[in-house]
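# Examination of the molecular architecture
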Amino acid sequence: MEIVILPDSAEVGRVAASVIADVVARKPDGALGLATGSSPLAIYDELARRAAAGELDFSRMRGFALDEYVGLDYAHPESYHAVIDRTVTKPLGMDPELVSVPDGLAQDVPAACAAYEAAIDAAGGIDVQILGIGANGHIGFNEPTSSLASRTRIKTLTPKTRADNARFFDSPEAVPTHCVTQGLGTILRARRLVLVAQGEAKAEAIAAAVEGPVSASCPASVLQLHEHATVVIDEGAASRLHNADYYRYTWANKPEWQRY
Ligand code: F6R
């Protein structure tokens, strides 16, 4: 795993955006894996800036969101259908027809999950997956003890995740109890992974993911099994890493031809 420690959130967004931009430039009809939440917003801001400047064209890129709440109307501003449309599809100039979000309103949830997996496969797989991380180590909404081989399916959100996400809703009770999320096995199939985290609240999860054992107790530790995963974090999120000096040294000495 490559660990990149940067001074602030804007710089995290800039470097992570450069990884995405590199993929889009090489494969303008490829597929992006999209995360919601606060962490990737700096990436989307930077990518929107580059798209507006004519440096990048997202009009033929496909997008697949990681997750969606179950039972939340898509018109609700915090449904991930709405969030992806507002923070990604429109600002980046993606074609809404090419952007998919898991179906949280399906009558037949297992069938909808299987269809989502099939749609990713039909698109040729995900070229680069953007990830945030929960304070409990979840990626997507794969809560601790999620199978490392899991595919898109329904999950029960932990009370901690519901409390963390209550800031987006009118009350803590309004946060749905269930979600549909790409599995850890689904995420591992993406050709490239870029995980971003900012702030000390994520420090413990980052340390467990990067330097702890591979374990379903910290779902993000599954990144250790991926052949091309990059973790881009600020100093706060890096504050519990034992080998932070080595990661800084590696980044400072990275050959120019190897970026990004
Ligand atoms: C959301 C998702 C989650 C978030 C995580 C961190 O699509 O995949 O794993 O990335 O909960 O959320 P923030 O960035 O809001 O702290």
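Further up the page is the structure itself.
So, here's what we can say about the structure. (Residues numbered from 1 in each chain as written. Predicted model: local features only at pLDDT ≥ 70, side-chain atom pairs only at ≥ 80, totals over all residues. Heavy atoms only, no water.)

Glancing now at the overall build of the protein. Helix and strand counts for the protein come out as 8 helices and 10 strands. Relative to the 2.2 N^0.38 estimate, which gives 18 Å for 260 residues, the radius of gyration of the protein is 17 Å and therefore close to what a compact globule would have. Referenced to the eigenvectors of the C-alpha coordinate spread, the extents of the protein come out at roughly 55 × 40 × 35 Å. Each of the 260 residues in the protein was classed as buried or not, and the buried ones make up 54%. About 11200 Å² of surface is accessible on the protein, with carbon and sulfur atoms providing 52% of the total. Side chains of the protein carry 23 positive and 33 negative charges; the gap between the two charge centres is 4 Å. (Helix = DSSP H or I, 4+ residues; strand = E, 2+ residues; numbered from the N terminus. Rg over C-alpha atoms; globule rule 2.2 N^0.38 Å. Buried < 20%, exposed > 50% of the residue type's maximum accessible area, 1.4 Å probe, protein only. Areas by Shrake-Rupley, 256 points an atom, 1.4 Å probe, with all protein chains shown as cover. Lys, Arg positive; Asp, Glu negative; His and termini not counted. Charge placed at Lys NZ, Arg CZ, Asp CG, Glu CD.)

Following the criterion strictly, the structure yields 6 aromatic pairs and no others. Judged by centre distance (5.8 Å) and plane angle (40 degrees), the ring pair of Y69 and F141 falls under tilted. Placement of Y69 in strand β4 (residues 67-69) and of F141 in the loop between β6 (128-131) and β7 (153-156) is noted, with a sequence separation of 72 residues between them. Side by side, Y69 and F141 carry an identical accessibility label, which is buried. Plain terms: the ring middles of Y69 and F169 are 5.6 Å apart, the flat faces sit at 80 degrees to each other, and that makes the pair edge-to-face. Highlighted residues: Y69 in strand β4 and F169 in the loop between α5 (159-165) and β8 (178-181), separated in sequence by 100 residues. Judged by relative accessible area, F169 falls into the buried class, the value being 9%. Pairwise contacts between aromatic rings join Y69, Y80, F141 and F169 into one cluster. (Phe/Tyr/Trp six-rings, centres within 6.5 Å; stacked < 30°, edge-to-face > 60°.)

Read from one edge to the other, the open sheet built from 3 strands follows the order β4-β8-β7, with strand pairing classed as antiparallel. The open sheet has two edge strands, β4 and β7, and neither has a second partner. Averaged over all adjacent pairs, the angle separating strand axes in this sheet is 30 degrees, with direction ignored. Of the pairings in the sheet, the one linking β7 to β8 comprises 4 bridges and is antiparallel in character. Bridge pairing in β8 links I154 to V180. (Pairing = 2+ DSSP bridges. Axes fitted to C-alpha atoms, helices over the stretch in contact; angles between N-to-C directions.)

Below, the discussion takes up the site of the ligand. Every one of the 15 residues lining the ligand counts as a neighbour, but T36, S39, H138, G140 and K202 are closest to it. Between the ligand and D67, the relevant distance is 2.7 Å, taken from an oxygen atom to a side-chain nitrogen or oxygen of the residue. When isolated, the ligand has an accessible area of 410 Å², and the protein chains bury 94% of it. (Near = heavy atom within 4 Å. Polar contact = N/O pair within 3.5 Å; in protein donor to acceptor, adjacent residues only side chain to side chain.)

For the rest of this paragraph, the subject is the state of the cysteines. Following the criterion strictly, the structure yields 0 disulfides and no others. A disulfide-free cysteine, C113 has its sulfur positioned 9.5 Å from the sulfur of C179, the nearest such atom. Taking relative accessible area as the criterion, C113 reaches 5% and is therefore assigned buried. The exposure class of C179 is buried, given its relative accessible area of 0%. (Disulfide = S-S within 2.5 Å.)

Here we come to the packing of helix α1 (residues 9-26) against helix α2 (residues 41-52). Relative to each other, α1 and α2 sit at 60 degrees, their axes nearing to 7 Å. Classified by the interaxial angle, the pair formed by α1 and α2 is oblique. Seen along the crossing, α1 lies across α2 with a hand that is right-handed. Taken together, the residues of α2 that come into contact with α1 (itself represented by S9, G13, R14, A16, A17, S18, I20 and A21) are A42, I43, E46, L47 and R50. (Parallel < 35°, antiparallel > 145°, perpendicular 65-115°, else oblique. Left-handed = near helix turned anticlockwise from the far one by under 90°. Contact = heavy atoms within 4.5 Å.)

The next point concerns α2. For α2, which comprises 12 residues, the first-to-last C-alpha distance of 16 Å matches the rise-based estimate of 16 Å (1.5 Å per residue) to within 8%. Looking only at α2, the buried set comprises A42, I43, Y44, E46, L47, A48, R50 and A51. On its buried side, α2 packs onto α1, β2 (31-34), α3 (80-92), β6 and β9 (193-197). Looking one or two places after α2, you find G54, whose phi comes out positive at around 80 degrees. (Expected span 1.5 Å × (residues − 1).)

Of all hydrophobic cores here, the largest spans 79 residues; its most connected members are F58, I206, I233 and L241. No other element matches the 9 residues that α1 contributes to this core. If we ignore the near neighbours within four places in the chain, the residues touching I206 are I133, L195, A197, E211, V231, I233, A237 and L241. (Core = buried A, V, L, I, M, F, W, Y, C linked by side-chain atoms within 4.5 Å.)

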